[in-house]
Amino acid sequence: MAIRAFRGRLAAVAATTAAAAVGLAAPAQATPQPLPYVALGDSYSAASGVLPLDPSASLLCARSTANYPHVIAQRTGAALKDVTCGGAQTKDFAAAQYPGVAPQLDALGADTRLVTLTIGGNDNNTFISTILACATAGVLSAGQGAPCQAQYGSKFGDDIDTKTYPAVKAALQAVRNKAPHARVAVLGYPWIMPAKAQTGCFVKMPIASGDVPYVRDIQTHLNDAVRRAAAETGSTYVDLAAASEGHDACQKTGTRWVEPALFGTNFVPVHPNALGESAMADHTMAALGLG
């Protein structure tokens, strides 16, 4: 009986120990879910002109798989939904930009946790009008003087203040309404022109020497409008002014972030190249604290 009782007690102790071990075992770790990330915006977000093209996008959007949203997604493991499209304006957030291209806001939802975008440069044709008008004036003046400023004065800046700024603010508020739990980052535009005329640049960017600071000031005006709109909607503004200094379209290949109007490498001129898109990704991640 003593041996039988001992064996019974031993079995009971073993069972109790096993049960305790099960109870103390660490709970199974849930697999982290990828960050739901939606990329909105225009050609600076789409990297229009940079190969390879995104096969999932309309050819009219000229979206690249080397754009800064793809770079961010690759580095962070985020689950990217990219609806960026070349030529997009703020109005294309709520309406179809092209047949078969849905309004960009449709990509957002309550589950979205990160949104990035560049927008505003195409409203009122700000970039297009400035570059074309000033380049035409520059060619006609053989690069001398400030013919564009003399002809247009404050027109571009006035349009930015009275039309672009309120449109960007409304667009950002619409983003926040559609994705209330998301962090929203809107990027400034990297420099297209240097602060003053540089030797040899006129061949690539035919802006008259006196108009170089004028064009630069228009871009400063636009970026400030985007910054103010971001601040007033609780969005993060990614300031690229200091970072893109010395990487403008007048610089050599391998240094410039934006390709020039002539003799560049992109099939869409005056847009960021792959180096520029990668740098835009770097600074966006830094601004958001993403590792």
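Here, every reference points to the structure presented above.
Residues numbered from 1 in each chain as written. Predicted model: local features only at pLDDT ≥ 70, side-chain atom pairs only at ≥ 80, totals over all residues. Heavy atoms only, no water.

### Considering helix α6 (residues 155-178)
Reasoning step 1: Along its 24 residues, α6 runs 34 Å from first to last C-alpha, staying within 8% of the 34 Å computed at 1.5 Å per residue.
Reasoning step 2: The sharpest bend along α6 measures roughly 40° and falls at aspartate 161.
Reasoning step 3: Phe156, Gly157, Asp159, Ile160, Thr164, Tyr165, Val168, Ala171, Leu172 and Val175 are the residues of α6 that are buried.
Reasoning step 4: On its buried face, α6 is in contact with β3 (114-117), α4 (126-140), α5 (147-152), β4 (183-187) and α7 (212-232). (Helix = DSSP H or I, 4+ residues; strand = E, 2+ residues; numbered from the N terminus. Expected span 1.5 Å × (residues − 1). Bend = angle between axes of the 7 residues up to and from the residue. Buried < 20%, exposed > 50% of the residue type's maximum accessible area, 1.4 Å probe, protein only. Contact = heavy atoms within 4.5 Å.)

### Considerations on the packing of helix α3 (residues 68-76) against helix α8 (residues 274-288)
Reasoning step 1: One can describe the packing of α3 onto α8 by two numbers: an axis separation of 8 Å at closest approach and a directional angle of 55°. Here α3 is positioned oblique relative to α8, judged by the angle of their axes. Handedness of the α3/α8 crossing: right-handed. Contacts from Tyr68, Val71, Ile72, Arg75 and Thr76 of α3 reach α8 at Glu277, Ser278, Met280, Ala281, Asp282, Thr284 and Met285.
Reasoning step 2: Along the lines of polarity and charge, the residues of the contact of α3 with α8 split into six nonpolar, three polar and three charged. (Axes fitted to C-alpha atoms, helices over the stretch in contact; angles between N-to-C directions. Parallel < 35°, antiparallel > 145°, perpendicular 65-115°, else oblique. Left-handed = near helix turned anticlockwise from the far one by under 90°. Nonpolar A, V, L, I, M, F, W, Y, C, P; charged D, E, K, R; others polar.)

### A word on the packing of aromatic side chains
Reasoning step 1: Under the criterion given, the structure shown has four aromatic pairs.
Reasoning step 2: Judged by centre distance (5.1 Å) and plane angle (75°), the ring pair of tyrosine 44 and tyrosine 189 falls under edge-to-face. Of the two residues, tyrosine 44 sits in helix α2 (residues 43-46) while tyrosine 189 sits in the loop between β4 and α7, which places them 145 residues apart along the sequence.
Reasoning step 3: Sitting above the plane of the tyrosine 165 ring, arginine 228 keeps its charged end 4.2 Å from the centroid. (Phe/Tyr/Trp six-rings, centres within 6.5 Å; stacked < 30°, edge-to-face > 60°. Lys NZ or Arg CZ within 6 Å of the ring centre and 35° of its normal.)

### Some details on the layout of surface pockets
Reasoning step 1: If you add up the space inside the largest pocket, you get close to 410 Å³.
Reasoning step 2: Considering the residues around the largest pocket, the lining is formed by 22 residues, among which Ile128, Ile131, Pro269, Val270 and His271 are closest to the centre.
Reasoning step 3: Elements represented by at least two residues in the lining of the largest pocket include exactly α2 and α4.
Reasoning step 4: When residues of the lining of the largest pocket are assigned to their parent elements, the largest contribution, six residues, is made by α4.
Reasoning step 5: Tallied by class, the residues present in the lining of the largest pocket amount to 15 nonpolar, six polar and one charged.
Reasoning step 6: Lining the second largest pocket are 16 residues, and of these Arg63, Val83, Gly100, Val101 and Ala102 sit closest to its centre.
Reasoning step 7: Among the residues forming the lining of the second largest pocket, the class breakdown is eight nonpolar, five polar and three charged. (1 Å grid on protein atoms, 1.4 Å probe; cavity = no way out; pocket = protein on both sides within 12 Å on 5 of 7 lines; lining within 4 Å. Points joined across faces, edges and corners; volume = space filled by probe spheres on them.)

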